[in-house]
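Understanding the architecture of this molecule
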Amino acid sequence: MEGVSCGQNNYCDVGGIVGWSEYKESAENEMISNCINKGDVISSYFRVGGIAGYSNQNFANCENEGSVQGKGVVGGIVGWWAKSGSITKCKNSGDISGEAEIGGLVGGISVQEMVQFMNSKNSGKVTGNERVGGLVGASFATIDEDLLYTCSNTGEIVCGGTKNEIYNKLNK
């Protein structure tokens, strides 16, 4: 991606399906579902995802097969997830890389409420320097660990600094 001018702090919201997706409280459908990205998503900015760069919607039956690369807040499904909701039956097999907040499914979760991951998996290599996890790079949320155990990471995790230990325990 060349010649792109982004807003404040280099948050550009780049995704394989949608860059930025936000629902309003009155919207009937608050879900991104049944989509697949097979292309590589490469950006020199923050908030980059195989499906969405930024979203406050639920995800179901989404799959990313392409490599996803960004400066930070990079995930196989979504870069920055601002939702108290769920990610269900989503898969990432692409390699994910960046500097910080790098996750096989989600780079960063901004809400401080309960989120759920169900029957989702990462098999891609996840590489970063800080806050790197097989499923989630960094999170302010409370994650429902009972449902989290229905998920798996089989991808290699390469980290030059702080790994997200909670979500790396799920390596199977």
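All right, on to the sheet that holds strand 5 (residues 41-42) then. Overall, parallel pairing links the five strands, which are arranged 5-10-15-20-25 in an open sheet. Unpaired on one side and paired on the other, strand 5 and strand 25 (157-159) mark the two borders of the sheet. Where strand 20 (residues 126-128) lies against strand 25, three bridges are found, and the strand directions are parallel. Bridge pairing links Val 126 to Ile 157 in strand 25.

This next bit is on the environment of Ile 157. Note on placement: Ile 157 falls in strand 25. Ile 157 sits 33 residues away from Gly 124 along the chain, and the two C-alpha atoms are 8.9 Å apart.

Moving on, we come to the confidence of the model for the protein. Per-residue confidence for the protein averages 87 on the pLDDT scale, and 84% of its residues sit at or above 70. Confidence drops under pLDDT 50 across residues 1-5; counting only partners more than four residues distant or on other chains, this segment forms five contacts.

What follows is about the side chain of Ser 21. With respect to the helices and strands, the residue Ser 21 is situated in strand 2 (residues 18-21). Not counting chain neighbours up to four residues away, the residues in contact with Ser 21 comprise Ile 32, Tyr 54, Ser 55, Asn 56 and Gln 57.

Let us look at the state of the cysteines. Per the stated rule, a full pass over the model turns up zero disulfides. No disulfide involves Cys 62; its sulfur sits 3.2 Å from that of Cys 35, the nearest cysteine. A relative accessible area of 1% places Cys 62 in the buried class.

This part covers the environment of Ser 55. Looking at the element boundaries, Ser 55 is found in strand 7 (residues 52-55). Take Ser 55: its relative accessible area is 0%, and that puts it in the buried class. Sequence separation between Ser 55 and Trp 80 is 25 residues, and the spatial gap between their C-alpha atoms is 6.6 Å. When sequence neighbours within four positions are dropped, the list of residues in contact with Ser 55 reads Ser 21, Ile 32, Val 78, Trp 80, Trp 81 and Ala 82. Of the polar contacts made by the side chain of Ser 55, one reaches the backbone oxygen of Ser 21; its length is 3.5 Å. From its side chain, Ser 55 meets the backbone nitrogen of Gln 57 in a polar contact 3.0 Å long.

As paired elements, strand 11 (residues 72-75) and strand 16 (residues 100-103) share three bridges and run parallel to each other. When the sheet's bridge partners are listed, Gly 75 is paired in strand 16 with Gly 103. Sheet topology note: the strand 16/strand 21 (residues 130-133) ladder contains three bridges and is parallel. Across the sheet, the residue bridging to Ile 102 is Val 132, located in strand 21.

Scoring rules and cut-offs
- Residues numbered from 1 in each chain as written.
- Predicted model: local features only at pLDDT ≥ 70, side-chain atom pairs only at ≥ 80, totals over all residues.
- Heavy atoms only, no water.
- Pairing = 2+ DSSP bridges.
- Helix = DSSP H or I, 4+ residues; strand = E, 2+ residues; numbered from the N terminus.
- pLDDT = per-residue confidence, 0-100.
- Contact = heavy atoms within 4.5 Å.
- Disulfide = S-S within 2.5 Å.
- Buried < 20%, exposed > 50% of the residue type's maximum accessible area, 1.4 Å probe, protein only.
- Polar contact = N/O pair within 3.5 Å; in protein donor to acceptor, adjacent residues only side chain to side chain.

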